[in-house]
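Secondary and tertiary structure notes
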Amino acid sequence: MNDDDLKKKKIRAGIIYAVVVIVLMILINQFMNSMQTKDVLYSEFKTMVSEGKVTAVEINTGSGEINFKVQGDDYKVYITDPTEDLTTVTAYIEKYKVPEYTGVTTETNIWLSLLIQWVLPLLIFAVLWRFLAKGLTKNMGDSMSFGKSNAKIYAENETGVRFADVAGEDEAKESLVEIVDLLHNPQKYTEIGARMPKGALLVGPPGTGKTLLAKAVAGEAGVPFFSMSGSEFVQMFVGMGAARVRDLFKQAQEKAPCIVFIDEIDAIGRSRDQSLSTNDEREQTLNQLLTEMDGFDSSKGVVILGATNRPEILDPALLRPGRFDRRVIVEIPDYPGRLAILKVHAKKVRMSDSVKLEAIAKTTPGASGADLANIINEAALLAVRKNRKMVEQWDLEEALEVVIAGNVKKDRVLSPKEKRSVAYHELGHAFLAHILPCADEVHKITIIPRTKGALGYTMQLPGEEKYLVTREEMEDQIAVSLAGRAAEEVMLGQVSTGAANDIEQATTTARRMVTIYGMTDRFDMVGLESPSGQYLDGRPVSNCSAETQTQIDQEILAIIKKQHQRAINLLLENKEKVQVLSEYLLEKETLTGEEFLRILAENS
Ligand code: ADP
Ligand code: MG
Ligand code: ZN
């Protein structure tokens, strides 16, 4: 049902209501009048006075009416219109000795009674109508039109959150600053003809402050904040979610500039062709969302922010330019980030001066912002429980255990020993990437656990776009992949499970060198696998006999062995450098490419 229909319905109901009220009021008035007053003829009045039945008389010199009471009928007032002038009436009353009589001159009295009898009830009915009308539209909305959802849309005019409340996450904040600017003065962008970004997607593990950041953007820009969670869109009835989306955008556009925030967007934005079971409702909702995002005019200053911790399952249509064309990565905080977050939250509770937040920040790699906020709060609760006025260091330490152990997130926080092992592992990758001529430059090394299973990672930056890869480059790639494990062996003398991914990668590359790219002497340029089939089940199709397969495996083994040994040798030669680097990495948890090079330069 659309809005016009709804309006018409409302008007019709209003008219019917008004007629009913007026008829009712006339009836009530007449009934009340007949209960309280009785019109009589003047002659009757005279008879009653002469018979001595009248106990009190009130002559209204203003309206010329006589009101009187009769014996035994106290609740009723008799009214009559005298046909004689009032002095004659008075003389007549005196003659028969009516016990009480007075004269009044109020004419306003009529207005007052009019007010009490008509206007006041009308007002009461009007107020009642408003309540009734509200209930009516709500009912219609819920049961008939699946339309309005005003009650559910969560709009805040002022979120009260600023960027200063979000600690760390500098990169994320930086990329959101532009959106704040855009909301402040959209004309600056339209003048130059720039197309405004319609939306940004905040991506990151749970509890890293995505929701907080979205609120901070609204707070900084001073615009209203509409927020809804993806799961709220997915309703029981097909079509309801779509209606909600429509409604949300309609309301937002009326309030532009503003921010529309869709939390947990993966609930609706899941890739449409991924699941076998169709979900009509979700699909419709997603389609509506896509349509709305295309439809609205971003120059008015409506910016859509989405948040998810599972970007990989989102429908590609959502991510293409013109929709969520920006991606803001919100990461698990590193040591400085953790310290900053602890400080932000520590401000809200009374802390003893002796508290060292650094110690807490140090021992919590892998903890999210929400975990850290929780630690502070838990510490405050502990202090209260122990009747103390301030939070002390040991409260924090106890809280740390409660939060980390109480949550299943324990697996994300590494022990110092594991941390050291991860540091060596990552430095192994990084160091090999650095000294091998054909490997890509090191961009970033981190030992902050990620959600996707990796305990750390080394990011390499490809120098230039490559279409051809040489044999040397492939060998170096393999060596870099294997260097993680090699470093564990060289530096610690023990191996861990942390190399599973590396092994898979190295093996895949080696296999390709043998079977597809013809890079071995034994097989020369024989195509042993055809890559064309890889879309069918993800595996290349084998073109050779079982014996050849065995030989392929031997070749792969040889390549891997050679590169593994190469990595070990290189690391052995540079053991001290790796050791120095590892101290830095353990301290800072993240090293940029430049820092890595600087430390190397300083220590050679
Ligand atoms: P997400 O939406 O990413 O799951 P939230 O934004 O809901 O996480 O964060 C939950 C809480 O954790 C916040 O209300 C805040 O108290 C705290 N928090 C998370 N990250 C930060 C941060 N970077 N700075 C300050 N507080 C944070
Ligand atoms: Mg959230
Ligand atoms: Zn590795």
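What comes next is a walk through the structure. (Residues numbered from 1 in each chain as written. Chains lettered and ligands numbered in written order. Predicted model: local features only at pLDDT ≥ 70, side-chain atom pairs only at ≥ 80, totals over all residues. Heavy atoms only, no water.)

A word on the coordination of the zinc ion (ligand 3)
- In the first shell of the zinc ion (ligand 3), the protein supplies H425 (NE2), H429 (NE2), D502 (OD) and D502 (OD), at 2.0 to 2.7 Å from the metal.
- Here the zinc ion (ligand 3) is ringed by four donor atoms whose angles at the metal span 52 to 144°, and the overall shape comes out irregular.
- Taken in chain order, the donor set of the zinc ion (ligand 3) reads H-x3-H-x72-D. Placement of the pair is H429 in helix α17 (residues 416-435) and D502 in helix α19 (residues 500-515), with a sequence separation of 73 residues.
- According to the relative accessible area criterion, D502 is buried, its value standing at 12%. (Donors = N, O, S within 2.8 Å, 3.2 Å for Na, K, Ca; no water. Tetrahedral: all angles 85-135°; square planar, octahedral: opposite > 155°, others 65-115°. Helix = DSSP H or I, 4+ residues; strand = E, 2+ residues; numbered from the N terminus. Buried < 20%, exposed > 50% of the residue type's maximum accessible area, 1.4 Å probe, protein only.)

Structural notes on the layout of surface pockets
- Each pocket or cavity is described by its volume, and for the second largest pocket that value is around 1,100 Å³.
- Forming the walls of the second largest pocket are 42 residues, and the residues nearest its centre are H425, E426, H429, N501 and D502.
- The set of elements that each furnish at least two residues to the lining of the second largest pocket consists of α17, β13 (457-461), α18 (471-492) and α19.
- Looking at the lining of the second largest pocket, its residues break down into 15 nonpolar, 16 polar and 11 charged. (1 Å grid on protein atoms, 1.4 Å probe; cavity = no way out; pocket = protein on both sides within 12 Å on 5 of 7 lines; lining within 4 Å. Points joined across faces, edges and corners; volume = space filled by probe spheres on them. Nonpolar A, V, L, I, M, F, W, Y, C, P; charged D, E, K, R; others polar.)

Remarks on the packing of α18 against α19
- Axis separation between α18 and α19 bottoms out at 8 Å; the angle between their running directions is 160°. Taken together, the axes of α18 and α19 lie roughly antiparallel to each other. Taken as a pair, α18 and α19 cross one another with a handedness that is left-handed. Every residue of α19 that contacts α18 at R471, M474, E475, Q477, I478, S481, L482 and R485 is listed here: D502, I503, Q505, A506, T509, A510 and M513.
- The residue makeup of the contact of α18 with α19, split by class, is seven nonpolar, four polar and four charged. (Axes fitted to C-alpha atoms, helices over the stretch in contact; angles between N-to-C directions. Parallel < 35°, antiparallel > 145°, perpendicular 65-115°, else oblique. Left-handed = near helix turned anticlockwise from the far one by under 90°. Contact = heavy atoms within 4.5 Å.)

Re the site of ligand 1
- Neighbouring ligand 1 are 16 residues; A167, G207, K210, T211 and H345 lie closest to it.
- Backbone polar atom of A167 to a nitrogen atom of ligand 1: 2.8 Å apart, as the coordinates give it.
- The contact in question runs from an oxygen atom of ligand 1 to an N or O atom on the backbone of G207, over 2.8 Å.
- Within the complex, 80% of the 560 Å² of free accessible area of ligand 1 lies under protein.
- When residues of the shell around ligand 1 are traced back to their parent elements, those giving at least two are α7 (210-221), α13 (335-346) and α15 (369-385).
- Taken together, the residues that form the shell around ligand 1 break down as seven nonpolar, six polar and three charged.
- Both domains that meet at the shell around ligand 1, namely domain 2 (152-329) and domain 3 (335-404), each give it at least three residues. (Near = heavy atom within 4 Å. Polar contact = N/O pair within 3.5 Å; in protein donor to acceptor, adjacent residues only side chain to side chain. Areas by Shrake-Rupley, 256 points an atom, 1.4 Å probe, with all protein chains shown as cover. Domains from an automatic or database assignment.)

These results come straight from atomic positions and should not be treated as a statement about function.
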